[in-house]
Amino acid sequence: MAQEIMQVSPLPPFMMKALQEADFIVHDHTHIKDPGALSKVTALIGTGSAKVDKKLLTMLPHVKLVAICGVGYDGVDVEACKEKGIVVTHTPGVLTDDVADLAMGLVLSIGRRIPQADKFVRNGDWVDDQFALVHKVSGARIGIVGMGRIGRSIAKRAAAFDMRISYTCREAKTDVPYAFHQTVTQLAAEVDYLVVAVPGGDSTKNMVGASVLKALGNKGYLINIARGSVVDQPVLVQTLKDKEIAGAALDVFWDEPIIDPELRRLPNVVLTPHIASATVETRQAMAALTLSNLQAFYERRALPTPVPECQ
Ligand code: 8YV
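Residues numbered from 1 in each chain as written. Predicted model: local features only at pLDDT ≥ 70, side-chain atom pairs only at ≥ 80, totals over all residues. Heavy atoms only, no water.

**A word on the domain arrangement of the protein chain**
According to the domain assignment, the protein chain consists of domain 1 (4–92 + 280–310) and domain 2 (96–271). Inter-centroid distance (C-alpha atoms) of domain 1 to domain 2 is 32 Å. Every contact between the two is made by six residues of domain 1 and, on the other side, six residues of domain 2. Roughly 450 Å² of surface becomes buried between domain 1 and domain 2 when both sides are summed, with 48% attributable to carbon and sulfur atoms. Of all residues in domain 1, Asp74, Pro92 and Thr282 give up the largest surface area on contact with domain 2, accounting jointly for 74% of the area buried on that side. Applying the counting rule to domain 1 against domain 2 returns one salt bridge. Here Asp74 and Arg227 are joined by a salt bridge, their closest N and O atoms 2.9 Å apart. Where domain 1 packs against domain 2, one counts two residue pairs in polar contact (both at pLDDT 80 or more). For the side of domain 1 that touches domain 2, the residue count by class is two nonpolar, three polar and one charged. (Domains from an automatic or database assignment. Contact = heavy atoms within 4.5 Å. Buried area = accessible area lost by both parts, 1.4 Å probe. Salt bridge = Lys/Arg side-chain N within 4 Å of Asp/Glu carboxyl O. Polar contact = N/O pair within 3.5 Å; in protein donor to acceptor, adjacent residues only side chain to side chain. Nonpolar A, V, L, I, M, F, W, Y, C, P; charged D, E, K, R; others polar.)

See below:
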């Protein structure tokens, strides 16, 4: 019998195709054509930006699985899910390389001012001017906030650039050789590039605020490939305007995809549209893992990748 599921955020076409081929009936949360469908839906599917709150769950009495196609699931009220006996799954591991690749790309982009240099050539400025010298990235100090899968992968790449690596996270790790700092502010004070790689959610909200940015200082760069919520964005914008840090390279923002016009106008930023995992290979692997979680759930097999709170 075809299972009825509901998408709670837009899904890529290949994911929809795979779901249909696997015989799922997919309802769209924003355009529910059949009001009776709500009571038939037994699983929700969405991307890392999906919002699944108590209100939505109350409307869907038979939902028992929330399958997130993304490693982050900060939009899901996991406690509310657990209270209702709903399991949450996500897609860790398969996107680690891509996210770390983009983090290093952003370090190089902001440090070497690659987008600005591109604009300089396109504008014809090279004809009668020289592009200003920047500082060397190889050998510079990088501080990683979060030493999970993605943090470690960024460190591995930074090591290949001979960068001096340090990090912070809840507790020092015994299996990494990098210098540990107790707080984000202490870490920021010691580095040229501060890279944010922690999950979103209440526990990390505005973790990078005024004191961290002050510690980073006017020669330091902030890179965020995690969640917009981890950085106090209005404070960051003001700090950038006042040139109290050297620059920021951001893949994630508050209120995506609406970007603060002030941020868009700043010359000392590099902005990308939440593309850290956006390669064909990785998005397909994420879709496949999401489908595996759904299929395992309906076939009553062990779920491949439940979130840690549901393990
Ligand atoms: C995308 C992400 O937002 O995995 C995450 O947490 O932020 C991204 O990979 C998204 O979930 C893609 O489907």
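**Here we look at the site of the ligand**
Close to the ligand lie Thr47, Gly48, Cys69, Gly70, Val71, Gly72, Leu95, Arg227, His274, Ser277, Arg283 and Met286. Residue Cys69 places a main-chain N or O atom 2.9 Å away from an oxygen atom belonging to the ligand. Arg227 has a polar side-chain atom sitting 2.8 Å from an oxygen atom of the ligand. Isolated, the ligand exposes 330 Å² of accessible area, and the fraction of that covered by the protein chains is 89%. Here the residues of the shell around the ligand sort into four nonpolar, six polar and two charged. (Near = heavy atom within 4 Å. Areas by Shrake-Rupley, 256 points an atom, 1.4 Å probe, with all protein chains shown as cover.)

**Re the sheet that holds strand β12 (residues 269–271)**
Read across the open sheet, the seven strands follow the order β8-β7-β6-β9-β10-β11-β12; overall the sheet is parallel. Looking at which strands have only one partner, the edges of the open sheet turn out to be β8 (179–180) and β12. Pairing of strand β7 (residues 164–168) with β8 involves two bridges; the strand directions are parallel. Bridge pairing links Tyr167 to Phe180 in β8. (Pairing = 2+ DSSP bridges. Helix = DSSP H or I, 4+ residues; strand = E, 2+ residues; numbered from the N terminus.)

**Considerations on empty space enclosed by the protein**
Tallying each qualifying case throughout the model produces one cavity of 30 Å³ or more. In this model, the largest cavity occupies a volume close to 40 Å³. Along the walls of the largest cavity sit Asn224, Gly228, Val231, Gln233, Leu236, Leu250, Val252, Phe253 and Trp254, which together make up its complete lining. Of the residues assigned to the lining of the largest cavity, the class counts are six nonpolar, three polar and no charged. (1 Å grid on protein atoms, 1.4 Å probe; cavity = no way out; pocket = protein on both sides within 12 Å on 5 of 7 lines; lining within 4 Å. Points joined across faces, edges and corners; volume = space filled by probe spheres on them.)

**Description of the nonpolar core**
If you look at the biggest cluster of nonpolar residues, it comprises 47 residues, and the most contacted ones within it are Leu19, Ile142, Ile154 and Tyr193. Among the elements that make up this core, the one with the highest residue count is helix α4 (residues 96–112) (eight residues). Split by domain, this core shows at least three residues from each of two domains, domain 1 (4–92 + 280–310) and domain 2 (96–271). Contacts of Ile142, omitting those with residues within four sequence positions, involve Val107, Ile154, Ala158, Met163, Arg164, Ile165, Ser166, Val191, Tyr193 and Val195. The next biggest cluster of nonpolar side chains, apart from the first, holds 27 residues, and it includes Val184, Val198, Leu216 and Leu222. (Core = buried A, V, L, I, M, F, W, Y, C linked by side-chain atoms within 4.5 Å. Buried < 20%, exposed > 50% of the residue type's maximum accessible area, 1.4 Å probe, protein only.)

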